[in-house]
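Geometric and topological summary
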Amino acid sequence: MYDFCLPDDNEEELANEYYKNKIKNIVFCYEVFDKNDLKYFKLNNILYYKKLNIFYCALINNEDLKKALEIANELFYSDKYYNDLVFIVGRDLNYNDKISSKYFLNGLFDPIKYDKKFLFGGLNYIDIKKIRENNLSILFSIKNLINDIEKFYTVKKFLEFAQKKYLNILIGSFAENKNEVPNIYQIYSFYKVLGIYYSLNYLNKIFREQIIRIRLAKRKDYFTKGFYIISYPYQDCREY
């Protein structure tokens, strides 16, 4: 089982609480507004906790689409950064549409907006098709949903639809302090309330596959000193 959290210089405190609650896979998420925030994913800032599997996720939050994609591209392919996941924070329909057509990220964070006119504000059917074709995923924060009841019911309807289309879905508590860290039973409750009928094994499979995408992209096969194979795992990537 896994969970996403939002540390604020309290990584060790959160890790200790997750260990007590018997959740072994933790994702530390950091908002990335510009390239200065890439420091979070430098080796000297990575926490080693031998009793847990700790992963690092970038939540790129930049209104400038070009800049957001540049940061995503660097985090996805560069082996200078020790990140395991890259998501771009969802915005309006046009912004989300451009993101959905890319390969060098894991997907969108919180793209669904409450809209009186459209069923799922922020995404259309073409975007959903592209997300599935590009093996992207959609990440939701339980905390954000609890604080907005209208959005909660909109996302709940979307999740019902998404599962019928076999979209990749990831859910996290996004705990910020130890008092918000959930236990296994609370996470099960989140899934039940949101109407997620994907099995736990299937959700874990989605989680692992998204991490593997970046690990493959970052890997360079050196065959002799000073030379390496210039190729990416996604040879059909239209950006290259």
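The text that follows walks through the structure, step by step, so that each part is easy to find.

**Concerning the nonpolar core**
Ranked by size, the top nonpolar core spans 79 residues in total, and within it Phe-4, Leu-59, Ile-60, Leu-75, Ile-88, Phe-158 and Phe-207 carry the most contacts. Beyond its immediate sequence surroundings of up to four residues, Ile-60 is in contact with Val-32, Ala-68, Ile-71, Ala-72, Leu-75, Val-86, Phe-87, Ile-88 and Val-89.

**Structural notes on the pattern of salt bridges**
When charged atoms on two side chains of opposite charge get close, those side chains can pair. Applying the stated criterion across every chain yields a total of 9 salt bridges. Here Lys-130 makes a salt bridge to Asp-97, at a shortest N to O gap of 2.9 Å. Placement of Lys-130 in helix α4 (residues 125-133) and of Asp-97 in helix α3 (residues 93-100) is noted, with a sequence separation of 33 residues between them. The partly exposed category is assigned to Asp-97, whose relative accessible area is 21%. Residue Lys-143 is joined to Glu-180 by a salt bridge in which the shortest nitrogen-to-oxygen separation is 2.8 Å. Note that Lys-143 is positioned in helix α5 (residues 142-146) and Glu-180 in the loop between β7 (168-172) and α7 (184-193), a separation of 37 residues in sequence.

**What to know about the sheet that holds strand β5 (residues 107-109)**
Read across the sheet, 7 strands follow the order β1-β2-β3-β4-β5-β6-β7 without closing on themselves; strand pairing throughout is parallel. Of all strands in the sheet, those with a lone pairing partner are β1 (2-5) and β7, marking the two edges. On average, adjacent strands in this sheet sit at an angle of 30° to one another, irrespective of strand direction. Both β1 and strand β2 (residues 25-32) contribute to a ladder of 4 bridges, which runs parallel. Its bridge partner being in β2, Phe-4 is matched across the sheet by Val-27.

**Topic: unusual backbone geometry**
The backbone of Asp-9 shows a phi angle near 60°, a positive value even though the residue is not glycine. By secondary structure assignment, the location of Asp-9 is in the loop between β1 and α1 (11-20). Phi at Phe-174 takes a positive value of approximately 55°, unusual for a residue other than glycine.

**Details of the packing of helix α2 (residues 65-77) against helix α8 (residues 200-218)**
Across the interface, α2 lies against α8 with an axial gap of 7 Å and an inter-helix angle of 80°. Relative to α8, the element α2 lies roughly perpendicular. Contacts from Leu-75, Phe-76 and Tyr-77 in α2 reach Arg-213, Ile-214, Ala-217 and Lys-218 in α8.

**Notes on the packing of aromatic side chains**
What characterises a pair of aromatic rings is the spacing of the ring centres plus the angle enclosed by the ring planes. All told, the structure shown has 18 aromatic pairs when counted by the stated rule. Both rings, one in Tyr-19 and one in Tyr-49, keep their centres 6.5 Å apart while their planes meet at 50°; by these two values the pair is tilted. Here Tyr-19 is found in helix α1, whereas its partner Tyr-49 is found in the loop between β2 and β3 (53-60), with 30 residues between them in sequence. Residue Tyr-19 is classed as partly exposed on the basis of its relative accessible area, which comes to 34%. Among the residues examined, Tyr-49 registers a relative accessible area of 15% and is labelled buried. Ring geometry for Phe-140 versus Phe-158: centroids 6.1 Å apart, planes at 65°, classification edge-to-face. Highlighted residues: Phe-140 in strand β6 (residues 137-141) and Phe-158 in helix α6 (residues 149-164), separated in sequence by 18 residues.

Conventions used here
Residues numbered from 1 in each chain as written. Predicted model: local features only at pLDDT ≥ 70, side-chain atom pairs only at ≥ 80, totals over all residues. Heavy atoms only, no water. Core = buried A, V, L, I, M, F, W, Y, C linked by side-chain atoms within 4.5 Å. Buried < 20%, exposed > 50% of the residue type's maximum accessible area, 1.4 Å probe, protein only. Contact = heavy atoms within 4.5 Å. Salt bridge = Lys/Arg side-chain N within 4 Å of Asp/Glu carboxyl O. Helix = DSSP H or I, 4+ residues; strand = E, 2+ residues; numbered from the N terminus. Pairing = 2+ DSSP bridges. Axes fitted to C-alpha atoms, helices over the stretch in contact; angles between N-to-C directions. Parallel < 35°, antiparallel > 145°, perpendicular 65-115°, else oblique. Phe/Tyr/Trp six-rings, centres within 6.5 Å; stacked < 30°, edge-to-face > 60°.

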